[in-house]
Number of protein chains: 2
Amino acid sequence: MKKHSILIILMAFLSGSLCIAQESVSIVVEDFIPSSVNQPGKAYPQVNSEGRVRVRIEAPGAIKVQLDIGAVKYDLVKNENGIWIGESAPQDEGFHYYQLNIDGASVPDPGSKYFYGAGRWGSGIEIPAMDQEFYALKDVQHGLVSENIYFSKITNAWRRCFVYTPAEYEKDSKSRYPVLYLQHGSFEDENGWSTQGKANLILDNLIAEKMAVPMIIVMDNGYAYKPQDISNTDGRGRPASSFEEVMINEIIPMIDTKFRTIDDREHRAIAGLSMGANQTMRIIMNNLDKFAYYGGFSGTSNYPSSDEIDVDTFLDGKFTDGEALNTQINVFWLGLGTKEPDPFPGSVGAFRNMLDKIGLDYVYYQSPGTAHEWLTWRRALHKFAALIFKD
Amino acid sequence: MKKHSILIILMAFLSGSLCIAQESVSIVVEDFIPSSVNQPGKAYPQVNSEGRVRVRIEAPGAIKVQLDIGAVKYDLVKNENGIWIGESAPQDEGFHYYQLNIDGASVPDPGSKYFYGAGRWGSGIEIPAMDQEFYALKDVQHGLVSENIYFSKITNAWRRCFVYTPAEYEKDSKSRYPVLYLQHGSFEDENGWSTQGKANLILDNLIAEKMAVPMIIVMDNGYAYKPQDISNTDGRGRPASSFEEVMINEIIPMIDTKFRTIDDREHRAIAGLSMGANQTMRIIMNNLDKFAYYGGFSGTSNYPSSDEIDVDTFLDGKFTDGEALNTQINVFWLGLGTKEPDPFPGSVGAFRNMLDKIGLDYVYYQSPGTAHEWLTWRRALHKFAALIFKD
């Protein structure tokens, strides 16, 4: 009986807290300003100091209009002019994909610029981050981001990568540079890192502050399938990936031919986010003659498992000799947001336990207050890029 | 009376023809295939052999959904699953902007890729053209398209241009190249020429066929205003343009510093479409020490007037001496689509009359079956680029 009473009091207390919390949620701070990634001249969407997103769309004949952001749908309200307006709960700092839903149709917001992610070209919004200076467009020397189209014989398809060259690349036609191969995540593509990822601005700023070595960054597409494999899909509906083969036999030789690279392992790094972290870990472990630096942002190759890793069988035993790997890999770097959902904390945690066990030296970074999203990865790149090519 | 009878017969005949024409319009050829500029994996929008555009969108709660293309709105029809589908009348060959209208909301089609034009990022569709090979992605050497960010002191703003460098640019770090400055039209921006304009593919193909001299192409943004001018708008709501000043004092010096150009007038061309044709004509005529080639695609500086041009006052008398201009300008090139709307045929016609009068040698090209749209301009670039830097 006593226990029961305490439970009732506790429930009453919690329920009271929840009420207070809900009330405070409903007070919206009226300091909205247009998002920094709006289309030219567009006043909406807007963001306020709490990180709420307010959208506005004219749809006089519509019955129900919603803002769909962070896996929650918020009802908008129609005014007498047929204009719908409304806002979300506060969002995490950083970049988020979102969409509108108009009478059941999921469509991009005509006010925002569009980004490729979540398997589609669609709307994005930027919630200003406390540390946004590191990826801001500043009065420093800016490198170029070049679109490079190439034909892949392995996949029998045209492919594309974006290549960042540091500002000084164009100034001295003889100097050669190390290369970071930097990969996107699942349902994203080669556009991600140089647009919502801001890889070019992050490097421009780091290089201007002499915090990073001037380097080339190659951002390619992690989806690569041979024609004969396309009809054979796995449980997730995907064919066997040939990305490693494309990377080793096509992308790297092409980049080393077309750009002024230093083409040895000590001047080649590979990193990726989520699916890209998984892919690039496999690539470096299978090709230690080609890379000396690894960055895994929000992902490891044991994904999605959180089980203890059997080092003898994991990736064909590539992690059995931690000491040998310490001499071969100059920087082994892992990063994760503190708000990442399952299974990421568990699978990255299990992977770290294995590294600790084999005595592999690695850097582990936690991005405060961010989930499985681009601010986590911008921060990861910022930290990782400052450490590489310095041995 | 006799004349009157003939008129009636003629009217009856014409009216009969119109009926037949309308009936034949309603028969839709069922050979639709996905548009070439769809988002990855999207089956709609589609295009058929007549050039009709068929769209499809799930909007179970919607009351009215329309396809808005070519300034006409076509009603879609809802099926039992809440999916709306429908198609347009046949469209001209080439690239068109379009949008969907869902219960009064004008939004991009979630099936298409997005392009900047008509003053917005929005949907685009490609109607295959009979001559599409000249801008097709082919197995030839491909140049790079580089995004170049720079700060403009004149406008006190960050600006951006895209720079095409031919494939051989990366192969020989000493060779230098002529430069074409290529401008977009009204309500477009620096993205246009290298995406829907296909300038890079057009040049890749021309250079591979040895039809054009390898050249650099600079595609900047034609909107440039000084901070003190922004509040003083003209009748069209625009401040005085400072684009010429930005081009001459900032863009050209930057490009000549950053890229391996041949920096004299004989190796510099300038061209533009519509508003860009108007702007670049003024720029070359004011700066004949800097440019020796001009291309005006669907536009001239007497726009929108079709009146006879007074050569003594037009552009401060810059066209008075046709013979002198013939020695200074190596190629003076004008292009226009045969289906362009008013005032373009009239104003370009009046301009040509003036050129004829002063005896200025020029090339005039008509793009068959195209209006004031990108296929006209792709063809114009294809013709123009093959003529320049050959003197």
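So, how was this worked out
- Residue indices begin from 1 for each chain and proceed along its sequence in written order.
- Note on labels: chains are lettered from A, ligands numbered from 1, in written order.
- Totals for whole chains, interfaces and linings use all residues, but because this is a predicted model, local features are given only for residues with pLDDT of at least 70 and pairs of side-chain atoms are given and counted only at 80 or more.
- Note: side-chain values were computed over all heavy atoms of the structure, leaving out hydrogens and water.
- Residue contacts are defined here by distance: any two heavy atoms, one from each residue, within 4.5 Å place the two residues in contact.
- Put simply, buried area is how much 1.4 Å-probe accessible surface two parts lose in total, over both of them, once they are put together.
- Salt bridges, as used here, are contacts in which a Lys or Arg side-chain nitrogen is within 4 Å of a carboxyl oxygen on Asp or Glu.
- Polar contacts here mean pairs of N or O atoms no more than 3.5 Å apart (in protein, one a potential hydrogen donor and the other a potential acceptor; neighbouring residues in sequence count only if both atoms are side-chain atoms).
- Each helix is a run of H or I in the DSSP string that is no shorter than four residues. Each strand is a run of E no shorter than two, and both are numbered from the N terminus.
- Here the rule is simple: two strands pair whenever DSSP picks up at least two bridges between them.
- The atoms used to superpose the copies are C-alpha atoms, taken from residues with pLDDT of at least 70 in both, and the fit is least squares.
- Relative accessibility decides the category of a residue: with a 1.4 Å probe and only protein chains considered, values under 20% of the type maximum give buried, values over 50% give exposed, and everything between is partly exposed.

Colleague: Would you mind going over the interface of chain B and chain A with me for this structure?
Modeller: When the parts of a complex come together, some accessible area is lost, and that lost area is often taken as the interface size. Facing the 42 residues of chain B at the interface are 41 residues of chain A. When chain B packs against chain A, the two sides together hide about 3,400 Å² of surface, and 62% of this comes from carbon and sulfur. Connecting chain B to chain A are zero salt bridges. The tally of links from chain B across to chain A stands at eleven residue pairs in polar contact (both at pLDDT 80 or more). Secondary structure elements with two or more residues in the side of chain B that touches chain A: strand E3 (53-58), strand E9 (105-107), strand E10 (114-117), strand E11 (120-127), strand E12 (144-152) and helix H2 (199-208) of chain B. When residues in the side of chain B that touches chain A are grouped by element, the largest group, six residues, is from E12(B). Bridge analysis of strand E12 (residues 144-152) of chain A against E12(B) gives three bridges, and the strand direction is antiparallel. Residue pairing in the sheet places Ser146(A) in a bridge with Ser146(B) of E12(B).

Colleague: How should I be thinking about the relation of the copies chain B and chain A in this particular structure?
Modeller: Mapping between the two copies of the chain is achieved by a rotation about an axis and a shift along the axis. Screw-axis analysis of chain B against chain A gives a translation of 0.0 Å along the axis, an RMSD of 0.0 Å, and a rotation angle of 180 degrees. What the rotation and shift describe, once combined, is the action of a two-fold rotation axis. Of every C-alpha in chain B, the one belonging to Ser146(B) sits nearest the axis of rotation, 1.9 Å from it. Same-surface contact between copies: 98% of interface residues of chain B are shared with the interface of chain A.

Colleague: Honestly, the sheet that holds strand E6 (residues 77-78) of chain A in this entry has me stumped. Any pointers?
Modeller: Within a beta sheet, neighbouring strands are joined by backbone hydrogen bonds and run either parallel or antiparallel to one another. Overall, antiparallel pairing links the five strands, which are arranged E1-E2-E3-E7-E6 (chain A) in an open sheet. Only two strands of the sheet have a single neighbouring strand rather than two, namely strand E1 (33-34) and E6 of chain A.

Colleague: Looking at this model, I keep getting lost on the pattern of salt bridges. Mind explaining?
Modeller: Pairs may arise between side chains of opposite charge once their charged atoms sit close together. All names here are of chain A. For the structure on display, the rule yields 32 salt bridges over all chains. Here Arg-160 ties to Glu-147 by a salt bridge, and the two come within 2.7 Å at their closest N and O atoms. Taken as a pair, Arg-160 in strand E13 (residues 157-165) and Glu-147 in strand E12 lie far apart in primary sequence, 13 residues in all. For Arg-160, a relative accessible area of 23% corresponds to the partly exposed category. Residues joined by salt bridges that share partners form a network here, namely Glu-30, Arg-54 and Glu-87.

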